Amino acid sequence: MKWIGSWLENQHRRHGVNNSIHCHIRGRDIQASSISEMCSFVKPKSTVKYVVLSFMISIFVSLLLCLKMKYELFLLLRNFKSQYLNRNSINDSQQTEYYVYISFNAENDNLMKWIKTVVFNLEQNGFKSCFPPRDFDVGSVHVDQISTEIADSSSYLVILSDDYLKSQFQMIELNKIWPHYKTNISRNIVVINYDMLDSWNIKDRRLKAFVRLGQTCDFCNFNNKLINELEIKLRTTNLQIKN
């Protein structure tokens, strides 16, 4: 709008005419020569800034998801390695005393009755099991036996009940089991969701990940194939059991 002010000045200088032009803007009469002072040229924001900002937000969201779901990502990656990176080529020559270690809350009487049947069926099918109430020595240090027998087992059967982590021994067991499972791809953790818990009812993030991904056995066992399902999931490729 600067040309209006310049034009009026030239007219006044050449013809001695003192004319003015007003514009009616937003309910006010404003001299045209001053409109340019009201207008400011705003540079459009750079596209590069938007790209950088979007990239930073994407990184932040990705890091947040990795922190929040790191166990889910670990399980998915581990499954991928075991299925597609030739698990049979992994050499695990360590001999173990037991095929499977049973981790459950022994103070739950109903669960105790049921798990005895599971252990019996597994051992009938050749799965030598470490059943703590039966196999631990009376009077010895319980924590030491947990560490020893978990290290001497090839796979782990976790019976997830609503009172599983209320016992300090189950928390110790899970913390001992996880490093063996994490560092040795030939070892398995099989989770039976005994009380059909939803993921938001589980505080431990490792067990929550199994439930979220559907990597648990169904306790309801509508098809009466629970033992067969357990056998398939418990098997390891380079298993060597001590005689």
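The name an unreviewed UniProt entry assigns to the protein chain is TIR domain-containing protein, from the organism Mytilus edulis. Turning to the protein chain, the UniProt record has this under Subcellular location (unreviewed entry): "Membrane".

Student: Help me understand the overall build of the protein chain in this model?
Tutor: Along the protein chain, the regular secondary structure elements total ten helices and seven strands. Across the 243 residues of the protein chain, 36% fall into the buried class. Counted over contacts in the protein chain with a minimum sequence separation of 6, partners at least 24 positions apart contribute 74%. Carbon and sulfur atoms form 54% of the exposed surface of the protein chain, whose accessible area is close to 15700 Å².

Student: Got a minute to help me understand the packing of helix H8 (residues 168–183) against helix H9 (residues 205–212) in this structure?
Tutor: In a packed pair of helices, the relevant descriptors are the angle between the two axes and the axis-to-axis distance. At a minimum axis separation of 11 Å, H8 and H9 run at an interaxial angle of 70°. When the axis of H8 is compared with that of H9, the two are roughly perpendicular. Contact with H8, carried on its side by Met171, Leu174, Asn175, Trp178 and Tyr181, involves Arg206, Leu207 and Phe210 of H9 and no other residues of that element.

Student: Mind showing me how you'd approach the packing of helix H7 (residues 142–151) against H8 here?
Tutor: Packing of H7 against H8 brings their axes to within 10 Å, and their N-to-C directions diverge by 30°. Here H7 is positioned roughly parallel relative to H8, judged by the angle of their axes. In the crossing of H7 with H8, the sense of the turn from one axis to the other is right-handed. Along its contact with H7, which presents His142, Val143, Ile146, Ser147, Ile150 and Ala151, the element H8 presents Phe169, Ile172, Glu173, Lys176, Ile177 and His180.

Student: Would you mind going over the UniProt feature "transmembrane region" (unreviewed entry) in the protein chain with me for this structure?
Tutor: Using the residue numbers shown here, the UniProt feature "transmembrane region" (unreviewed entry) corresponds to residues 50–67. For residues 50–67, the helix share is 100%, the strand share is 0%, and the end-to-end C-alpha distance is 26 Å.

Student: What is the right way to look at the layout of surface pockets in this model?
Tutor: Empty space left among the atoms is revealed by rolling a probe the size of a water molecule over them. The calculated volume of the largest pocket comes to roughly 310 Å³. Taken together, 17 residues make up the lining of the largest pocket; nearest its centre are Asn79, Asn188, Ile189, Gln215 and Lys233.

Student: I would appreciate a short explanation of the environment of Cys217 in the present structure.
Tutor: Topologically, Cys217 is positioned in strand S7 (residues 216–218). You can call Cys217 buried: its relative accessible area is 1%. Taking C-alpha positions, Cys217 is 7.5 Å from Glu229, a pair spaced twelve residues apart along the chain. Other than its neighbours up to four places away in sequence, Cys217 contacts Val190, Val191, Ile192, Asn193, Leu226, Glu229, Leu230 and Lys233.

Definitions and limits used
Throughout this document, residue positions are counted from 1 along each chain, in the order its sequence is written. Only residues with pLDDT of at least 70 are given local features in this predicted model, and only at 80 or more are side-chain atom pairs given and counted; all residues enter the totals for whole chains, interfaces and linings. Just so you know, side-chain values use all the structure's heavy atoms and leave hydrogens and water out. UniProt positions are given in the numbering used here, feature names are shortened, and annotations may be inferred rather than shown by experiment. Secondary structure elements are taken from DSSP: a helix is a run of H or I of four residues or more, a strand is a run of E of two residues or more, and numbering for both begins at the N terminus. Whether a residue is buried, partly exposed or exposed follows from its accessible area with a 1.4 Å probe, protein chains only, as a fraction of its type maximum: under 20%, in between, or over 50%, in that order. Residue contacts follow a heavy-atom distance rule, with two residues in contact if any of their heavy atoms lie within 4.5 Å. Here the accessible surface of atoms and residues is derived via Shrake-Rupley with a 1.4 Å probe, and residues count as covered only by protein chains that are part of the display. To obtain an axis, a line is fitted to C-alpha atoms, over the contacting stretch when the element is a helix, and the angle between two such axes runs from 0 to 180 degrees between their N-to-C directions. Our angle categories are set so that under 35 degrees counts as roughly parallel, over 145 as roughly antiparallel, 65 to 115 as roughly perpendicular, and the remainder as oblique. Handedness of each helix crossing follows the sense of rotation of the near helix against the far helix: counterclockwise by less than a right angle gives left-handed, clockwise gives right-handed. A 1.4 Å probe that fits into a set of points on a 1 Å grid over the protein atoms alone but cannot get out defines a cavity; an open set with protein on both sides within 12 Å along at least five of seven lines defines a pocket, and lining residues are those with an atom within 4 Å of a point. Grid points are joined across faces, edges and corners, and a volume is the space filled by probe spheres set on the points.

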